[in-house]
Each structure stands twice: as C-alpha cells, then as structure tokens.
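The lines below spell out each chain.
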Amino acid sequence: MTARHGHRGEKMENAEKKRVFSGVQPSGNLTIGNYLGAIKNFKSFEEQYKTFYCVVDLHAITVRQVPAELRRRTYETLALYMASGLDETKNTLFVQSHVHEHAELGWILDCYTMFGELSRMTQFKDKSAKHAENINAGLFTYPALMAADILLYGTDIVPVGIDQKQHLELARDVAMRFNQIYSDTFTVPEGYISESTMKIMSLAEPTAKMSKSDTNQNAVVYILDSKDDIMRKFKRAVTDSGSEVRYSEDKPGVSNLMTIYRAFTGKELADIEREFDGVGYGEFKLAVGEACADGLAPVRERYNQLIADKAHLEAVMKAGAEEASYYARRMMSKVRRKIGFVG
Ligand code: TRP
C-alpha cells in the first residue's frame, strides 16, 4: 500500500489505524501515580495505533497558575512524555493551546453537556472544595473540554487513570448525544484503565489518592525524585496493623505498596505475597523503594538530557501541533456543517 501525497496525516496507514488520545496537565510535579496510572501505558500503543498525547494547558488554568511555572511545566511534561519512552516520530506529542480547535469544540460541547451532569462530577466537587475562593466556570465545564480533546481526533481508546473514569463516561454520553441529534459524527471512545496499576494511593494516608498537590512531601513520590528521596519516602510509608504482606481491603497501606511493587516489577500479587512471606514490613518497604528507584532511574536520566535542549522540545511541540491540527481541522469542519454554522 502506498502513502498518498501531502500531509503526514494523510498516509493510508494512519487512516486505517485506530486512534488513541490522552492528556496530562502541566500543573505540579508528576507523581508515580501519573506515571503508573497513565504515562507508562502510553508507549504500548505506538505501533498499532495512531496516538495523540497532549499537554493540556487549557485545563491547567482552571486552577490559578503562576505564568512562569505553567510555561516551565509545559516543557517538563513534554520532556517526561519523551523520557517515558514515547518516540516523537511515532506519536503525536503536542500542547493543547497550540491547536485552537480544542477551545472551539470545547465551547460547542458545553452546549451539549448538561448542568446536572457536570454537577455530579466528583472531581469538580473535590476541586471546588479545595479551591473555594476560585470556583470558576472553567472548573465546572472542564469535562466538556476534555470530551472535546478526545472527540476531536475520532479517538477509539483513551488510556487514563481510574480517577478519570467518570469524565470519560461523560465524553461518551456527549458523543452519543451529538451523534443522535446530528447523525454519526464522533467516535464513541473506550477508556483503557490498566488493571495492574489502577489507583496509586498516598504513602502517608493510603485511603486517599496520591496527589501531586499534597502538602505532605512524604506522601508523594515524584517521577523525578532522587533515589535517596524515594527510599526515605518508602521507609516512612504508612503500613497497617499485623505484619503480613498480604493484599486485602483492610490493609490499604500494604496493598498500595504491593500495587506499586507489582507495577514496577511485573510480578503477580500472589507471587509478591510468597516472596515476602515471613518477612517484616520494614524489609518489604525497602524492596518496594528499590524497585521504584530502579524503574525510574532511566526515565530521570533521559529527562535530564531532554530538558536541557529547549530548542528540540520546541521543534517537537511545533511538529506535533501541525500534525494534530490536520485532524482537528477536518473534524471541526464536519461539526460546523452538522450544527448549521455558515461557511
Ligand atoms: N483530566 C485529565 C486529568 O487530569 C487530563 C485530560 C485532559 C485528559 N484532557 C484529556 C485525559 C483527554 C485523557 C483524555 O488527569
């Protein structure tokens, strides 16, 4: 089969491939929760799918950002994508605000997303409790913009952490609603929530999600933490009563450590229980720390090289935005026509 002339996006091989889209916010330092729950899985799609991985800066401003930090973190998030093994020639890596169609479709989908639906979003409820002084309209309509991100590319699969499941369901509902009103327009996306990594919890309070904005620095392991920091945090990790390394609901601390260990080593839970049979929590925590530090070391090394070359990162985001725009423009012209906008 020969590639057609013109834009890269027009290649036959791409036209036939299913699409993957995901996004990460450039706010806060990324944690092993972001890494294991989402980014680490992204690479597995790059051969079989047409993949779009976006740094979602429009989403980030739903919470007040310091401009210089937002800019710096946008570069950092892109570098982390690449450091996690995403090859920029195989994946479309770009920044959301560089492709204007995201904001445009975001507005349109606001008009097909119900107030009641948005009111039920647990992330909105959590974030508005946390940022009571800034409950802006963008924070409320955030999921409609996320739906726009996804639907703009005819996305089939969306790899995300489990905390995004509700937003994804909403994107599906909005896609189906639009299709029903105007005839088939959007692909209804499926979530891809990896079983083995699920949700990574705080090391200090294992019933709460590990959050990049946690003020307790021992609760959160960042992707770019040094080995010393990683070991210290795991040594201090909260465990449960008893002394057995066993995965169970009444052992949230140990279970979380087992999840992390499994994600970095690829071992099964039952094997992990066997491996640490009769061994105390202390030794187990050290093993988890080692596995985590070893798993992240190559990422940190690549990251340090990438972040030092800003011009290269800029070239990658520019090429990515051009590629993404090609798809986004085509979808928008279809959407405009269906809605009844002139021209
Ligand atoms: N809301 C996602 C998060 O915080 C980020 C995001 C924005 C996203 N748009 C997306 C994820 C589209 C997947 C697909 O983590």
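Quick caveat: nothing in here was measured; it's all calculated off a predicted structure. (Residues numbered from 1 in each chain as written. Predicted model: local features only at pLDDT ≥ 70, side-chain atom pairs only at ≥ 80, totals over all residues. Heavy atoms only, no water.)

Let's talk about the site of the ligand
To keep things clear, this is the line we draw: Nearness is judged by heavy atoms alone; a residue qualifies as near a molecule or strand once a single heavy atom is within 4 Å of it. The term polar contact refers here to a pair of N or O atoms within 3.5 Å; inside protein, the definition further demands a hydrogen-donor-capable atom paired with an acceptor-capable atom, and it admits residues adjacent in sequence only when both atoms are side-chain atoms. With residues, only the protein chains shown are counted as cover, and all accessible areas are computed by Shrake-Rupley using a 1.4 Å probe. Segments assigned H or I by DSSP are reported as helices when at least four residues long, segments assigned E as strands when at least two residues long, and all are numbered from the N terminus. Residue polarity follows a fixed list, in which Ala, Val, Leu, Ile, Met, Phe, Trp, Tyr, Cys and Pro are nonpolar, Asp, Glu, Lys and Arg are charged, and the others, Gly among them, are polar.
For the ligand, the set of nearby residues contains 13 residues, the closest of which are Tyr142, Met146, Asp149, Val160 and Gln164. Here tyrosine 142 contributes a side-chain N or O atom positioned 2.7 Å from a nitrogen atom of the ligand. Interatomic distance of 2.9 Å between a side-chain N/O atom of glutamine 164 and a nitrogen atom of the ligand. Within the complex, 90% of the 360 Å² of free accessible area of the ligand lies under protein. Where the shell around the ligand is concerned, the elements lending two or more residues are strand 1 (18-24) and helix 8 (137-151). Here the residues of the shell around the ligand sort into seven nonpolar, five polar and one charged.

Re helix 14 (residues 310-339)
The following threshold applies: Helix span, expected: 1.5 Å multiplied by one less than the number of residues in the helix.
Given a rise of 1.5 Å per residue, 30 residues ought to cover 44 Å, and the 41 Å separating the end C-alpha atoms of helix 14 matches this to within 8%. Looking one or two residues beyond helix 14, the residue adopting positive phi is glycine 340, at roughly 110 degrees.

Concerning the domain arrangement of the chain
Test applied: An automatic or database domain assignment supplies the start and end points of every domain. Only heavy atoms matter for contacts: two residues are in contact if any of them lie within 4.5 Å across the pair. Computed with a 1.4 Å rolling probe, the buried area is the accessible surface lost when two parts are put together, summed over both parts. Between Lys or Arg on one side and Asp or Glu on the other, a salt bridge is scored when a side-chain nitrogen of the former is within 4 Å of a carboxyl oxygen of the latter.
By the assigned domains, the chain splits into domain 1 (8-198 + 310-339) and domain 2 (217-302). Between the C-alpha centres of domain 1 and domain 2 there is a distance of 30 Å. Tallying the contact residues gives 15 residues for domain 1 and 15 residues for domain 2. In this assembly, domain 1 packs against domain 2 so that about 1200 Å² is buried in total across both faces, 74% of it on carbon and sulfur atoms. Our count for the contact surface shared by domain 1 and domain 2 stands at zero salt bridges.

Points about the environment of glutamate 301
The line we're drawing: Working definition: with a 1.4 Å probe on protein chains only, accessible area under 20% of the residue-type maximum means buried, over 50% means exposed, and in between means partly exposed.
Relative to the assigned elements, glutamate 301 resides in helix 13 (residues 281-307). Take glutamate 301: its relative accessible area is 54%, and that puts it in the exposed class. Taking the C-alpha atoms as reference, glutamate 301 lies 8.0 Å from alanine 83; in sequence the two are 218 residues apart.

Thoughts on the environment of proline 298
Assignment of secondary structure puts proline 298 in helix 13. The spacing of proline 298 and glycine 85 is 213 residues in sequence and 9.7 Å in space, taken between C-alpha atoms.

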